Amino acid sequence: MKFRPLHDRVLVKRLEQEEKTAGGIIIPDTAQEKPSEGEIIAVGSGARRDDGTIVALDVKAGDQVLFGKWSGTEVSVDGQDLLIMKESDLLGVIQGAQKKKK
């Protein structure tokens with residue numbers, strides 16, 4: 001991928017949601033909400049303080065994260081629909097999460 005976010009921004013790919021409930025009911029695409037869980041694809045170099053020093057980000061590429069429902073800006077990079085957002089828009093990192101099939 002030839003895209004690198006600037007400063008304290010991250011590039012996130014939404015993870016696919018299950019199309020069935022635990023009871024086996026199939027949810028149509030029109031009724032599904034956009035998932036608020038994703039995988040970090042790329043990160044910026046970090047936020048710059050007033051004195052010029054750079055504060056590194058707490059997340060790295062490959063981390064699975066949670067973010068708010070209205071967080072980020074949707075962009076298309078290399079034909080993929082991705083989100084770009086500030087690190088402060090992330091709610092947390094999911095520890096030990098298994099990679100979901102894409």
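Before reading further, recall that the structure is shown in the block above.
Computed from a predicted model, the values in this text were never measured in an experiment.

Cut-offs applied
- Residues numbered from 1 in each chain as written.
- Predicted model: local features only at pLDDT ≥ 70, side-chain atom pairs only at ≥ 80, totals over all residues.
- Heavy atoms only, no water.
- Pairing = 2+ DSSP bridges.
- Helix = DSSP H or I, 4+ residues; strand = E, 2+ residues; numbered from the N terminus.
- Axes fitted to C-alpha atoms, helices over the stretch in contact; angles between N-to-C directions.
- Buried < 20%, exposed > 50% of the residue type's maximum accessible area, 1.4 Å probe, protein only.
- Contact = heavy atoms within 4.5 Å.
- Salt bridge = Lys/Arg side-chain N within 4 Å of Asp/Glu carboxyl O.

(A) View of the sheet that holds strand β2 (residues 37–43). In space, the six strands of this open sheet follow the order β6-β7-β1-β2-β5-β8, with antiparallel pairing throughout. The open sheet has two edge strands, β6 (73–77) and β8 (90–93), and neither has a second partner. Neighbour-to-neighbour, the strand axes of the sheet open up by a mean angle of 45 degrees, direction not taken into account. Pairing geometry for strand β1 (residues 9–14) and strand β7 (residues 80–86), over four bridges, is antiparallel. Across the sheet, Leu11 pairs through a bridge with Ile84, a residue of β7.

(B) Local environment of the environment of Gly72. Along the chain, the position of Gly72 falls in the loop between β5 (64–67) and β6. Using a relative accessible area of 31% as the deciding quantity, one classes Gly72 as partly exposed. Through-space distance from the C-alpha of Gly72 to that of Leu83 is 5.7 Å; in sequence the pair is eleven residues apart. In contact with Gly72, not counting residues within four places along its chain, are Leu83, Ile84, Met85 and Asp89.

(C) Representation of the pattern of salt bridges. Applying the stated criterion across every chain, the model contains three salt bridges. Residues Lys60 and Asp63 are paired through a salt bridge, measuring 3.1 Å at the closest nitrogen-oxygen approach. The exposed category is assigned to Lys60, whose relative accessible area is 53%.

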